[in-house]
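Report on the structure
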Amino acid sequence: MKFGFYTLGCKVNRFETQALEQLARMQGHQVVSRDADIFIINTCTVTSVSDHKNIRAFHKIRKENPHAVIAACGCFAQTNPDKVAAQPEVDLICGTGDRASIIARCVEAAQGRPDSKAPEAPGRAFEVLPAGVPAGRTRALLKVQDGCDNYCSYCIIPYARGHVRSMPFDTVLQQVDGLKRQGVHEIVLTGIEIAAYGRDLPGHPGIADLISAVCKYAPEVRIRLSSLEPRVADEAFCRELSACPNLAYHFHLSLQSGCDTVLAWMNRKYTAAQYLAAVDRLRRYFPGCSITTDLIVGFPGESQEEFDQTAAFVRECRFADMHVFPYSPREGTPAAGMDGQVPAQEKERRAAQMKGLAKEMRHAFLSGFMGQELDVLLEHPVRDGVWAGHAQYHFTVEVETPSGGKNRMARVIIVGQSGERLYGKEI
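Residues numbered from 1 in each chain as written. Predicted model: local features only at pLDDT ≥ 70, side-chain atom pairs only at ≥ 80, totals over all residues. Heavy atoms only, no water.

Counting its secondary structure elements, the protein contains 13 helices and 17 strands. Since a compact globule built from 427 residues should have a radius of gyration of about 22 Å, the 22 Å found for the protein is in line with a globular shape. Relative to its 427 residues, the protein shows a buried fraction of 55%. Here the protein has roughly 17,800 Å² of accessible surface; of this, 52% comes from carbon and sulfur atoms. (Helix = DSSP H or I, 4+ residues; strand = E, 2+ residues; numbered from the N terminus. Rg over C-alpha atoms; globule rule 2.2 N^0.38 Å. Buried < 20%, exposed > 50% of the residue type's maximum accessible area, 1.4 Å probe, protein only. Areas by Shrake-Rupley, 256 points an atom, 1.4 Å probe, with all protein chains shown as cover.)

Next up, the structure:
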């Protein structure tokens, strides 16, 4: 049969979609972009905006594929099955559990065999899925962990993804070996909360142990990390990973607020001072590294003074980039029922101010690379003689190159900057 896929949300969702594509092909099916017999939509529910995007996607995919069986999987399908079941476009709900069965369930539905619309709940063991490169991309994703036990007061994801589960250590290295054999030059280690890696495994290996082992096992491959919980960046973590020359110098530490009062309301498990100490350690062990973050503004009860405190703290951290989100109430989380909900217009004003600050810091960080030589993984052509790709940091570089070549590592000297991009010439 012909399978189509549509992905919303994070790197974990992108990983899982490419794994489902691989499973479909392994079972003899064809992956298409249109005129599908079956279309799987991998949903997100991190914000209320995400929920609306899911529903729009259901409408769009049904309009483009009027006769297809449409299945919804992912976090929105897991946490809001009744809302998804009420959408006439959706024939099947698969949730975040038992991904390996989704292809077969879809085929059965397409053949007219009945299937419950109830989603599969996440299990207690890590479900190993094939790693690979998402369609149209260059860098491979490898999910090494799933689930979260932090229960931040604003977040629905632990309810969608379940408790922490980790891929066995040896299985991670087997997956890395497969990616090496495919000629991959960069692997992004991802998960819902990768800092929690290993706490459910025998011997409790930590995330630093895993990263170090992966870097040594694949010294010719650049290893990049997805989002980290700030407390993981302690002295031992930094010391161990500073010995890994192929580790990307990019650390995404979720902040959410720079005010201790708001952090406590959020049920974040660190203080601003502890966060800043982690930032300082990373810069000491990884000079010039990109440190990026997430920030929520307008959290319930956040006063103007507390917002200003966060803005001052952000300036002190000197981030290379920030993702700024106005607080979005999630039904079923403690924060949704808190007093002091900030008006939408005020949240947007604060978000605009923080985005302006983010732009200012990003420009300052990028300007420091003028004249430097960087290794850039070429990913896609921009125009004749120019390719875009990523260096070992977080930003995109447009490279003037006579030869181009997707998935090729080029040595580049940086000669210009515009907006969020740097410009370079291949040496």
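Additional details are given in the paragraphs that follow.
What follows covers helix α2 (residues 48-64). Between its first and last C-alpha, α2 extends 25 Å over 17 residues, near the 24 Å set by a 1.5 Å rise per residue. Inspection of α2 places S50, D51, N54, I55, A57, F58, I61 and R62 among the buried residues, and these make up the whole buried set. Taken end-on, α2 shows its buried residues confined to a sector of 150°, consistent with a single buried face. Taken together, the buried residues of α2 touch β1 (2-7), β3 (38-43), β4 (69-74), α3 (75-79) and α4 (81-85). (Expected span 1.5 Å × (residues − 1). Arc of directions from axis to C-beta. Contact = heavy atoms within 4.5 Å.)

What follows is about empty space enclosed by the protein. Throughout the structure, instances matching the rule amount to one cavity of 30 Å³ or more. Within this model, the largest cavity holds a volume of roughly 30 Å³. Lining of the largest cavity is provided by N150, C152, E229, N267, R268 and K269. Tallied by class, residues from the lining of the largest cavity come to one nonpolar, two polar and three charged. (1 Å grid on protein atoms, 1.4 Å probe; cavity = no way out; pocket = protein on both sides within 12 Å on 5 of 7 lines; lining within 4 Å. Points joined across faces, edges and corners; volume = space filled by probe spheres on them. Nonpolar A, V, L, I, M, F, W, Y, C, P; charged D, E, K, R; others polar.)

Per the stated rule, a full pass over the model turns up 15 aromatic pairs. Measuring from ring centre to ring centre gives 5.2 Å for F365 and F369, while their planes differ by 65°; the resulting arrangement is edge-to-face. When sorted by exposure, F365 lands in the same class as F369, which is buried. Arranged with centres 4.9 Å apart and planes meeting at 65°, the rings of F369 and F395 form a pair that is edge-to-face. Note that F369 is positioned in the loop between α13 (344-367) and β13 (373-383) and F395 in the loop between β14 (386-390) and β15 (396-400), a separation of 26 residues in sequence. Each member of the pair F369 and F395 is classed as buried. Aromatic ring contacts, followed pair by pair, group Y249, F251, F286, F365, F369, Y393 and F395 into a single cluster. Lying over the aromatic face of Y217, K180 brings its terminal NZ or CZ to 4.6 Å of the ring centre. (Phe/Tyr/Trp six-rings, centres within 6.5 Å; stacked < 30°, edge-to-face > 60°. Lys NZ or Arg CZ within 6 Å of the ring centre and 35° of its normal.)

A separate point is the sheet that holds strand β10 (residues 250-252). Read across the open sheet, the three strands follow the order β10-β11-β12; overall the sheet is parallel. Only two strands of the sheet have a single neighbouring strand rather than two, namely β10 and β12 (321-326). Each adjacent strand pair in this sheet contributes to an overall mean axis angle of 15°, direction not counted. Pairing of β10 with strand β11 (residues 290-297) involves three bridges; the strand directions are parallel. (Pairing = 2+ DSSP bridges. Axes fitted to C-alpha atoms, helices over the stretch in contact; angles between N-to-C directions.)

Let us now look at the pairing of strand β6 (residues 140-146). Along β6, seven of the seven residues are buried, which leaves the element largely enclosed by surrounding structure. As paired elements, β6 and strand β8 (residues 186-191) share five bridges and run parallel to each other. The residue bridging K143 from the neighbouring strand is T190, located in β8. Bridge count between β6 and strand β7 (residues 165-166): two bridges; the pairing is antiparallel.

All right, on to the packing of helix α7 (residues 169-181) against helix α8 (residues 207-217) then. A pair of packed helices is captured by two measures, namely the crossing angle of their axes and the spacing between those axes. One can describe the packing of α7 onto α8 by two numbers: an axis separation of 10 Å at closest approach and a directional angle of 35°. Viewed along their axes, α7 and α8 form a crossing whose handedness is right-handed. Taking contact as the criterion, the partners of F169, V172, L173, V176, D177 and K180 in α7 are, on α8, D209, L210, A213, V214 and Y217. Taken together, the residues that form the contact of α7 with α8 break down as eight nonpolar, no polar and three charged. (Left-handed = near helix turned anticlockwise from the far one by under 90°.)

Counted under the stated rule, the structure contains 28 salt bridges. Ionic pairing is found between R315 and E360, a salt bridge with its closest N-O pair at 2.9 Å. In this pair, R315 sits in helix α12 (residues 304-317) while E360 sits in helix α13, placing the two residues 45 residues apart along the sequence. Residue R315 is classed as partly exposed on the basis of its relative accessible area, which comes to 46%. Note on E360: relative accessible area 44%, which makes it partly exposed. Its salt-bridge partner being E373, residue R411 comes within 3.4 Å of it at the nearest N-O pair. You can see R411 sitting in strand β16 (residues 409-418) and its partner E373 sitting in strand β13, a full 38 residues away along the chain. The class of R411 is partly exposed, set by a relative accessible area of 35%. Looking at E373, the relative accessible area reads 43%, which means it is partly exposed. (Salt bridge = Lys/Arg side-chain N within 4 Å of Asp/Glu carboxyl O.)

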